[in-house]
Amino acid sequence: MTATRLPGKILAAGTALLVLSLQPPLFAQGCAMCKSSLASLQSIAEAINLGILILLFPPLLIMSTILFVAYRRGSGPEDS
């Protein structure tokens, strides 16, 4: 590590630490309560479960495609 790069790395580490320490409370954690509070209303609870599954599939499909393409391109014969 050179002396000219050290102040930049310290600045980057300090900035990252500052950003992480100033995060607002995570309000998304309350969503776990949605399912338990709707347990008494069966039809709404089923709709919430279906919505969760629908929102799960696109990221799962995208990540699976990326991993498949990376595996196919990386498993070829080495010509070196």
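Only a predicted model underlies this, so the values are computations on that prediction, with no experimental measurement involved.

Peer 1: Teacher, can you tell me more about the overall build of the chain here?
Peer 2: When helices and strands are tallied, the chain shows three helices and zero strands. By the burial criterion, 2% of the 80 residues in the chain qualify as buried. A total accessible area of about 7,500 Å² is found for the chain, and carbon and sulfur atoms account for 73% of it.

Peer 1: Just to check I follow, could you spell out a nonpolar patch on the surface for this structure?
Peer 2: Taken together, the side chains of Leu41, Ile44, Ile48 and Ile52 define a hydrophobic patch exposed on the protein surface, amounting to about 320 Å² of accessible area. For Leu41, the location among the structural elements is in the loop between helix 2 (32-37) and helix 3 (42-74). Classification of Leu41 as partly exposed rests on a relative accessible area of 43%.

Peer 1: Honestly, the confidence of the model for the chain in this entry has me stumped. Any pointers?
Peer 2: Close inspection of predicted coordinates is inappropriate in any region flagged by low pLDDT. When pLDDT is averaged along the chain, the result is 75, and 66% of the positions lie at 70 or above. Within the chain, helix 2 has the poorest average pLDDT of any element, 67, and helix 3 the best, 86.

The rules behind each value
- Residues numbered from 1 in each chain as written.
- Predicted model: local features only at pLDDT ≥ 70, side-chain atom pairs only at ≥ 80, totals over all residues.
- Heavy atoms only, no water.
- Helix = DSSP H or I, 4+ residues; strand = E, 2+ residues; numbered from the N terminus.
- Buried < 20%, exposed > 50% of the residue type's maximum accessible area, 1.4 Å probe, protein only.
- Areas by Shrake-Rupley, 256 points an atom, 1.4 Å probe, with all protein chains shown as cover.
- Patch = residues over 30% accessible without salt bridge, like charges linked within 9 Å, V, L, I, M, F, W, Y side chains within 5 Å.
- Salt bridge = Lys/Arg side-chain N within 4 Å of Asp/Glu carboxyl O.
- pLDDT = per-residue confidence, 0-100.

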